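These are the residues of each chain, in order.
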Amino acid sequence: MALRFETAGRGFETPTQKMERLLASIAVETHKALQEQGSIKEGEKVVDDDCSIIMDSFGVEGTGPYSEEAIKDDKQFIRKLDLKWSEADDPVIQDYYKDKYNLKEKPDTDKVLELYGAERQKRDGAVWEKAKTAVLHKFLKSEFLVVRTAAYDDYSHGVDNVIVSKKTGDVICALDEVAGEEGDPRHQEKKNKFNKYIRTGEGAEIKYGLTFKKNPDTKRRELAKQAIKDIPIFCLALSRERLKKLQSEMSYSLDGQPAAIELEIFGDLIEELRTQGTALLADLERRNIKGNRPMAISKFLGTLRHMEGVGQRQSFSATA
């Protein structure tokens, strides 16, 4: 039997249910802040309840740059990969899911995709991606937009999160996650991606990106939807043991003080970003590479110091 936790006023909730509720609260808070800032219209939504960027909001009717057909093609790309990974149209796999979930009838392709997707959300990587989003939002929300990327960019470009400055519109960095033990193949895969960034300087790219641009009429910074290229990308890992500790001890509320484990994790994330950024800058200097790349990383490290201060102030104000 799955371990369940009691939450006052809500009966018993699993950690998965708690996280879903927290992310939904973050989505509401994010939209409210953007509306108060004048960045989006009342009722406009740019992220789902799981804090991932909504692809449909990028349609031309929603002040976005893409046609309905283009977005439809991107969704089809996602479905094709899901079909490939899940083998959902294979009768043998369908029988497997029928037996596994004691279904009365053999599930069709769409039902297998649904079950497969639900299982993926319980894996360590998906849990860490959500928890990372929640922790970074709690500490940075006053000045930074922390969101999960659209499914297309997750699948096509391997980016899980982006952090955007609300004041400048700068896309500070893209984040890729890995959870589990150091020896896992995924660790090496993520390290290879970061090493490629160090070697080539090719930053991340996202098609469904968010930034802020000043409206010349209102003088306000409004949310802009567009493709963004050459974003500094960093890999944030967490062991399975610490992930379980974070799940168990974190606060699943936006009210009050973050839990001690969240303070620890936030500090660790900042330090890891600093370590990776410093290593990248040192490599560029060693190879005597000049121009925009070292300037961009130097700027990132400066912004990181500011982010650390924002997080500390946010934590202090939560305890006041």
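Residues numbered from 1 in each chain as written. Predicted model: local features only at pLDDT ≥ 70, side-chain atom pairs only at ≥ 80, totals over all residues. Heavy atoms only, no water.

Peer 1: Can you break down the sheet that holds strand 3 (residues 144–148) residue by residue, with the values?
Peer 2: Spatial strand order, 3-4-5-8: 4 strands in an open sheet with mixed pairing. Edge positions in the sheet fall to strand 3 and strand 8 (233–238), since each has one partner strand and no second. The mean inter-strand angle of the sheet, taken between neighbouring strand axes irrespective of direction, is 25°. Here strand 3 pairs with strand 4 (residues 161–165) via 5 bridges, running antiparallel. (Pairing = 2+ DSSP bridges. Helix = DSSP H or I, 4+ residues; strand = E, 2+ residues; numbered from the N terminus. Axes fitted to C-alpha atoms, helices over the stretch in contact; angles between N-to-C directions.)

Peer 1: Residues and numbers for the side chain of Q247, please.
Peer 2: For Q247, the location among the structural elements is in helix 8 (residues 240–249). Leaving out residues up to four positions away in the same chain, Q247 has contacts with P15, V127 and Y252. (Contact = heavy atoms within 4.5 Å.)

Peer 1: Explain the pattern of salt bridges to me, and be specific about the residues and the numbers.
Peer 2: Summed over the entire model, instances satisfying the criterion amount to 24 salt bridges. Note that K100 is salt-bridged to E119, the shortest N-O span being 2.7 Å. Of the two residues, K100 sits in helix 3 (residues 91–100) while E119 sits in helix 4 (residues 109–120), which places them 19 residues apart along the sequence. Assessed through its relative accessible area of 42%, K100 is described here as partly exposed. Of the residues examined, E119 reaches a relative accessible area of 17% and is grouped as buried. Here R242 and E264 are joined by a salt bridge, their closest N and O atoms 3.4 Å apart. Taken together, the residues R242 in helix 8 and E264 in helix 9 (residues 260–286) connect sequence positions 22 residues apart. Here R242 falls in the partly exposed class, since its relative accessible area comes to 25%. Ionic contacts of the salt-bridge type, sharing partners, join the residues D50, E129 and R148 into one network. (Salt bridge = Lys/Arg side-chain N within 4 Å of Asp/Glu carboxyl O. Buried < 20%, exposed > 50% of the residue type's maximum accessible area, 1.4 Å probe, protein only.)

Peer 1: Tell me about helix 2 (residues 68–86), residues and numbers included.
Peer 2: Think of an α-helix as turning once every 3.6 residues; residues three or four places apart then point the same way. Its 19 residues give helix 2 an end-to-end C-alpha distance of 27 Å, which sits within 8% of 27 Å, the value for a rise of 1.5 Å per residue. Those residues of helix 2 that sit buried are I71, D74, I78, L81, D82 and S86. Along the axis of helix 2, the buried residues cluster in a sector spanning 125°; they form a single face. Summarising the geometry of helix 2, the exposed residues directed more than 90 degrees from the buried face are K72, K80 and K84. Where the residues of helix 2 are buried, they touch helix 3, helix 4, helix 6 (151–157) and strand 6 (204–214). In the segment just after helix 2, E87 is the residue with positive phi, at about 55°. (Expected span 1.5 Å × (residues − 1). Arc of directions from axis to C-beta.)

Peer 1: Got a sec to walk through the layout of surface pockets? Specific residues and values, please.
Peer 2: Counted as a void, the second largest pocket has a volume near 350 Å³. Lining the second largest pocket are 20 residues, with V171, I172, D230, P232 and A296 sitting closest to its centre. Ranked by residue count, the leading element in the lining of the second largest pocket is helix 10 (residues 292–319), at 7 residues. Residue classes in the lining of the second largest pocket are distributed as 11 nonpolar, 4 polar and 5 charged. (1 Å grid on protein atoms, 1.4 Å probe; cavity = no way out; pocket = protein on both sides within 12 Å on 5 of 7 lines; lining within 4 Å. Points joined across faces, edges and corners; volume = space filled by probe spheres on them. Nonpolar A, V, L, I, M, F, W, Y, C, P; charged D, E, K, R; others polar.)

Peer 1: Give a description of the pairing of strand 7 (residues 221–231) that names residues and reports values.
Peer 2: Relative to strand 7, strand 6 is paired through 8 bridges, and the arrangement is antiparallel. Looking at strand 7, one finds that K214 is bridged to R221. Between the antiparallel neighbours strand 6 and strand 7 lie 6 residues, among them K219 with a positive phi of about 65°.

Peer 1: Give me unusual backbone geometry: which residues, what numbers.
Peer 2: One non-glycine residue, E87, lies in the positive phi region at around 55°. Considering the arrangement of structural elements, one finds E87 in the loop between helix 2 and helix 3. At D230, a residue that is not glycine, the phi angle is positive and equals roughly 55°.

Peer 1: Explain the environment of K213 residue by residue, including any values.
Peer 2: Turning to its location among the elements, K213 is positioned in strand 6. Judged by its relative accessible area of 46%, K213 falls in the partly exposed class. Separated by 174 residues in sequence, K213 and S39 have C-alpha atoms that sit 9.0 Å apart. Polar contacts involving the side chain of K213 include one to the side chain of Q226, which spans 2.9 Å. (Polar contact = N/O pair within 3.5 Å; in protein donor to acceptor, adjacent residues only side chain to side chain.)

Peer 1: Outline the confidence of the model for the chain, listing residues and values.
Peer 2: Predicted confidence across the chain gives a mean pLDDT of 88, with 88% of residues reaching 70 or more. Contacts from residues 1–8, a stretch scored under 50 in pLDDT, to residues over four places away or in other chains number 15 contacts. (pLDDT = per-residue confidence, 0-100.)

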